[in-house]
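# Notes for the structure review
In case you want the letters, here they are:
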Amino acid sequence: MFNMVSSIVAPFICGILMLFAKKINDRKTKVAFAVVMQSIITIFGLLTVFGDEVSTKSFVFIDNLTVGFTADLVAKFFCAIIVIAWLLVTIYAGVYMKHEKNEERFFLFSFLTEGAMLGAAFSDSLVSMYVFYELVTLLSMPLVLHSLTKESVGAAKKYLYYSIAGAFMALFGVFVVGTSAENLGFVAGGTFENVTPLVLTAVFVMCLGFGAKAGLFPLHGWLPTAHPVAPAPASALLSGVIAKAGVLAIIRTVFYTVGAKNIMGTWVQIALLVLSLLTVLMGSMMAYREKIFKKRLAFSTVSQISYVFCGLFLFNEAGMDGALWQIIFHAIVKVGLFLCAGAVIFLYGKTKVEELNGIGKKMPVTFTCFTALSLSLIGIPPMGGFFSKWELATASLDTTAIGALGWIIPVVLLVSALLTAGYLLDISIRAFFRDADDDTTKVKESKAMCVVLVILAVASLLGGIFATHTGNMISSIVSALF
Amino acid sequence: MEFIKNFPFITIVLSLFCSVICYAFKDKKARFVTYFLLIISSCMSFSVIMYNLFSETGYFAYRMGHYDAPIGNEISAGLLEPFFALLFEIVIFLSITGGYKRLQKDVEESKQRFFYIMINLTHAALMSLCYTNDIYTAYVFIEICTIASCALLMSSKRTRSLVAATRYTIFSLIGSSLVLIGIVLLYSVTGHLLFPNIFETIQALWATGEYTNPLTIALGLIISGLAIKSGMFPFHWWMPDTYGTATPCASGILSGVVSKGYIFLLLKMIYRVIGPQIFLESGINNILLVFGVCGMIVGSVSAIRTSNITFMTAYSSAAQIGYIYMGIGLGTKEALLAALFQIVAHSLTKPMLFLAAGGLSDTVGGKQDFDSLRSSAHYNKPSGIAFAAGALSMVGIPIFAGFVPKMLFSISAFGHGFKTYIVLLALAISTILNVIYFLRTLVNIYSPAIVDIPREKIHFSKIKVFTVVVIVMAIVNLTVGLHSQPIISLFEKGIEIFINIR
Amino acid sequence: MNELFLITPIFLPIILGAILFFIPFKNQKQRNAYVITSLILSSVAVWLSAFLVPDNSLTILHFTNELTLSLRLDGAGKIFSCLSATLWPITAIYAFDYMKHEEHHQMFYCFFVMAFGTTMGIAMAENILTMYLFYEMLTLTTIPLVAHGMTMKHNRAARKYMIYSIGGAAFAFAGVVFLIVNGAGTFRLGGNLVTVDNETLALVLYFFAFMGFGVKSAIFPLHGWLPTASVAPTPVTALLHAVAVVKAGAFALIRLTYYAYGTEFLYGSWAHYVVMAFSIFTIVYGSVTALRQKHFKRRLAYSTISNLSYIGFATTLMTPAGLVAAFCHLVFHSVIKIGAFFAAGSVLHNSEREFVPQLEGIGKKMPWTFGFFTVFALALTGIPPFCGFFSKWYIATAAFATDNPLATVGVIALLISALLTAIYMLSPAVKAFFPRENAEIHLDEIKEAKPAMLIPMGICVLLCIVLGLFVRIPVEIIGEVLGI
């Protein structure tokens, strides 16, 4: 229990300590300080992951509005993703933020957001999670507007308002569920015996609301605006990890509060699947046409996270399995892709795709990793991403409950995969097989950045090696729910 | 104790007597004659009230002269008649005392005793209107009252007053003429001059259906005549000029007392001559109701549009009289109670407002427009306070006298079908309109000045008497507002007697 | 201690305030001491009454045989009076520093203290006539406060306030008289109206009374006076238009609906739906208009309009849960809004900047003020664990508990309003702390607010947090005190 509570509390403390780090004049010391603190947090997190399933007592506001923490399987799953991703990004940011001002503020909010994320992950009730979910929004907004240009402030506001709009839509659902249920604690399989149409509508609205963070249509609009203007480490965290908070929220709502069996076969399931597919397709298409590098990646996030939703809303074991794998791989890949894009900006200041001709020669390590990660995202074996996509496709074919959608889904996934190939490999091809348009001098790639990228690329390739333990965890989650 | 029965008669005769002897005195002494008269009369009226409260019947009729009814003349006193007599006396007394300084300025030295003569005459006329039981006597004293009021108005040195007084006289006389024609018609149809006798005859005639038209016309004429004289819509428009240009004392008396005397006579006509039954059957009451409501609204709207403080107060009188007619028009006892209380409240408040307005305009050398009067309340504190009290009473803020009639009107409004809505709406809208102009002015007189004119700071030690009078009026207002039950009980008893005793 | 003591909290401040005008103080410090002592004494009297005075009525005087001026301190009155009693001295402390540079202090503080007494009168009224009397008195004692400054702007604002308030009361008066005539004048939970002759008349007059008293509670379309009145000095706006005057309006609506007419009589009638619809519309209207305001205090004024209709909406639910929710929001919103106005006032006072776009970057110079403001913004939006979230929760759960479809619409309106609140409250905070790169900021003469202004804000922040974290306690107390 100590580990769990520490992993939640420590980031907050570290964040505040960063404020004092302003006094340190030597940049290297500052960065080292941050990295060390993050490592401590990661250790706590991993200890919790490998530890027992513990829970704390709940702090009661009113009858069924409680705040409490539990380290059950889903929590551990997300915790692992969060702390590992955060460590890698912090190391990377140590180098990247050399070009930005106000580093301390960045790290401050980075830590605070991490704390909020962990709080949300470990929450044991709907209200508790909602509280931390809101905190995540509020604390991550300063990350977006970090550079304080007009665009970034505007983008941050857009992010804030979309997220809060989504949160309030979700709140409507929380109200309804709160009045219909006895308590709002998370129980595998849900606590509802049967549901009224009002509750169904509430669940739908909640999914739309929480989906805002995850880029589900129609509240995805903030993603493409926010990513280009945020500093690369922030984009990586946003797409790779913070967006998953939305997924977490939906999992907790659907599977641990209302219960999948109550939603299976209803209009809510169909509607959500349709929306997810729509998002998958739309995201890929917009990414294909997008000329700004980070914006292309942003649209890609929109698309890829909806793969997760496709899997989740199938409400069968295979679908869940695929979804969880997709979460892991997408996190790894997307963080990596954004860090690559960041490296390009850091070294050469280039933001547009068409400017990337021939850059592979100047940044070989970066773009090799980029290519590896791309292959995983597209779903080409033996890269890890293939696993998840395959599971998703087969899962949908297996389900009879959704009728025609059963075969539409794989088709859409396939088309999307093709588009993904198009928009990602295009970059790799430009980088390696075209000549540079201008004669910029080669700048050496940063060692720290490269290390991080390589780790990520290897992880995406060797998904299988980590697969066993993670696979066990995932299977346990799945079996608990079905 | 039986001696008390003589008092009403004595008050009338004494007033006439005093008005004559005033001629012989110089201004200062004349004033004291009037004071003496008023004090004695008040005591007498008060005794009559007490007497009737404790007597068995609560009412008495008094034979004037040697002949009994229906040939001789008669006056009667229940509870309402002496009460209003007392009220009028108090108001006149306070108006004269408070307006004395101003009177010295406005009226020529040599003419001042005429002023007091006229006041005494007015007093006599009002007493008669209160107590009389005879229609012809009523007419005579209506005329005396008209002439005396005209003289009061004319007394001011300003040329405008002459024009205003002339206009007043013309319209007042039109009213009187209508009353006269009505009386003549009535006499020729019924053959009687005394109220009880006329009443019996009318009831009999109405039941048989004979002479319905002439009777209706006669009654209509009398009511219209009295309405014109008291300023009911649409005959109110000459009022502001008259009140606005006269000396505050006269304005106070006229708006506070004289018009109410005519209304009281009108009430006598309705309840003692026509009878409530015929009054309601004929539908005249609806006409009064409609005009009353219109008066409430139109009077207030005109008050909003004017930029002269005394004109505004005068238009406000038109509105307040509208309330009374609304109450009369509803026709029930509760409504009558409300109307009577409104008379009380208005009589007590309006003179105070006129005096205060006069005091305020004195600080800027007689100017009466709002722009000049800004911040004048700081220069003449008693006037400011008096105006504040008066304004709040007019608006109908609880604890002030003006709230009670508002409450009584609302209570009496229920149970009349759609008329309920009209009355309640009219009350609400009228309150809002009152707020707009009264409280606007109130804020105005306390705001910093914007026009640069010479201002005179009038410390209250210079106007001791004025201050005392105004404070007394305010206190009376508050007392009536806070302890209205005694008056209401008196009215309830009085109304019973008034309506039922013949 | 018996009910005779109830005279103290009402008349003591009125008398002390009136006397204030005539005392020649040597300097401001002396006068401030007098003011704060008067207010604390009165506050103590209120709290003592709340705990020690039994629930009996005290007749002060008889207008007529049936109509009396009577006092009685029941549960609802206790909540409102204690709330006001707590916040008034705090505002006085804030006002001392703020008003140092203004003129005409005597009159200002005189009416400031008197208004406290009249507000207590509204809280402790036993019957509707008494409440009506003190209601009008409150208008009268607060007009000079709004008009303070005496410029044309202030005069116009005072006039508008006056006409709207007294006008509203004039319409409400019809309803008041109706209740008295039908024997339902005395306040009793559940109301006294059993049967009436003319039901249409009863409901029409209820509607008039609701809209009439609703003027002070800023219901659309009678809300116009509130934004105009924000020209008054900030202590006035903070107290009166976040706590006393507007909450008196909300309180009057609660008395009218639950304690006079009675929910049994009103539930399900057309009047019920109509007033609920007006409340819901105002909720959204207030928030939308707040968003479009560039003037800081006017933005907060429109926010108040919206939030008052949260209370109005809860009132129009006409269930016991709705009553608890209404009081909950009444208390919580007061704390939040008064703090927000304090913050806005400090900014205005120290920087003379009235408009939101001008606030860019001030967070650097006034970090405490804007930090506190951010807390208020979050609380108002309804982010847990601040108290604002819980009052919204109660309103929503009460709404869902009734099977009224219009109530669900109300909850949606509430959430839309919450989103808009987030936008219009957080954007000044964001602007202040995260100024854009190329924005031209001149922050030279701006200093942080003095402790006299910061401490009241800090107290409010503390209350926001404490009331939120331990929300069970206030809610239980409210429920118990109300007798539900």
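The rules behind the values
Residues numbered from 1 in each chain as written. Chains lettered and ligands numbered in written order. Predicted model: local features only at pLDDT ≥ 70, side-chain atom pairs only at ≥ 80, totals over all residues. Heavy atoms only, no water. Helix = DSSP H or I, 4+ residues; strand = E, 2+ residues; numbered from the N terminus. Rg over C-alpha atoms; globule rule 2.2 N^0.38 Å. Buried < 20%, exposed > 50% of the residue type's maximum accessible area, 1.4 Å probe, protein only. Contact = heavy atoms within 4.5 Å. Areas by Shrake-Rupley, 256 points an atom, 1.4 Å probe, with all protein chains shown as cover. Phe/Tyr/Trp six-rings, centres within 6.5 Å; stacked < 30°, edge-to-face > 60°. Lys NZ or Arg CZ within 6 Å of the ring centre and 35° of its normal. Salt bridge = Lys/Arg side-chain N within 4 Å of Asp/Glu carboxyl O. Polar contact = N/O pair within 3.5 Å; in protein donor to acceptor, adjacent residues only side chain to side chain. Axes fitted to C-alpha atoms, helices over the stretch in contact; angles between N-to-C directions. Parallel < 35°, antiparallel > 145°, perpendicular 65-115°, else oblique. Left-handed = near helix turned anticlockwise from the far one by under 90°. pLDDT = per-residue confidence, 0-100.

A few words now on the overall build of chain B. Looking only at helices and strands, one finds 21 helices and 2 strands in chain B. Against the compact-globule benchmark of 23 Å for 502 residues, chain B has a radius of gyration of 22 Å, which places it among compact chains. In terms of overall dimensions, chain B has C-alpha extents of about 70 × 55 × 40 Å along its principal axes. Within chain B, buried positions represent 66% of all 502 residues. Within chain B, contacts between residues separated by at least 24 positions form 82% of all contacts whose residues are at least 6 apart in sequence. Total accessible area computed for chain B in this model is approximately 17,000 Å², and 69% of it derives from carbon and sulfur atoms.

Further remarks concern the packing of aromatic side chains. Taken as a whole and assessed by the stated rule, the structure comprises 74 aromatic pairs over all chains. Measuring from ring centre to ring centre gives 6.4 Å for Y271 of chain B and F498 of chain B, while their planes differ by 55°; the resulting arrangement is tilted. Linking Y271 of chain B in helix α10 (residues 248-274) with F498 of chain B in helix α21 (residues 485-500), this pair joins segments that are 227 residues apart in sequence. Accessibility expressed as a relative area gives 2% for Y271 of chain B, which makes it buried. Ring plane angle 50° and centroid distance 6.0 Å describe the contact between Y206 of chain C and F210 of chain C, whose orientation is recorded as tilted. With a gap of 4 residues between them, Y206 of chain C and F210 of chain C both fall in helix α7 (residues 199-214), about one helical turn apart. Positioned over the ring face of F32 of chain B is R31 of chain B, at 5.1 Å from the centre of the ring.

Every contact between the two is made by 33 residues of chain C and, on the other side, 34 residues of chain B. Between chain C and chain B we count 0 salt bridges in total. For the pair chain C and chain B, the number of links is 3 residue pairs in polar contact (both at pLDDT 80 or more). Looking at the side of chain C that touches chain B, the elements that each hand over two or more residues are β1 (58-62), α5 (128-146), α6 (152-181) and α7 of chain C. Of the residues forming the side of chain C that touches chain B, the biggest block, 15 residues, is contributed by α6 of chain C.

We now examine the packing of helix α11 (residues 270-292) of chain C against helix α16 (residues 405-433) of chain C. All names here are of chain C. As a packed pair, α11 and α16 sit with axes 8 Å apart at the nearest point and diverge in direction by 15°. With respect to their mutual orientation, α11 and α16 come out roughly parallel. Along this stretch, α11 crosses α16, giving a crossing that reads as left-handed. Residues Y273, M276, A277, I280, I283, V284, S287, V288, A290 and L291 of α11 lie in contact with α16, whose contacting residues are L406, A407, V409, G410, A413, L414, S417, L420, T421, I423 and Y424.

Of the residues in chain C, 99% reach a pLDDT of 70 or more, and the chain-wide mean stands at 88. Per-element confidence in chain C is highest for α11 of chain C, whose mean pLDDT is 94, and lowest for helix α18 (residues 472-482) of chain C, whose mean pLDDT is 83.

This part is about the pattern of salt bridges. All names here are of chain B. For the structure on display, the rule yields 12 salt bridges over all chains. A salt bridge links D106 to R102; the shortest N-O distance between them is 3.3 Å. Linking D106 with R102, this pair stays in helix α3 (residues 80-106), spanning 4 residues, or about one helical turn. By relative accessible area, which is 11% here, D106 ends up buried. Residue class for R102 comes out buried when judged on its relative accessible area of 10%. Connected through salt bridges with shared partners, the residues R102, K105, D106 and D362 form a single ionic network.

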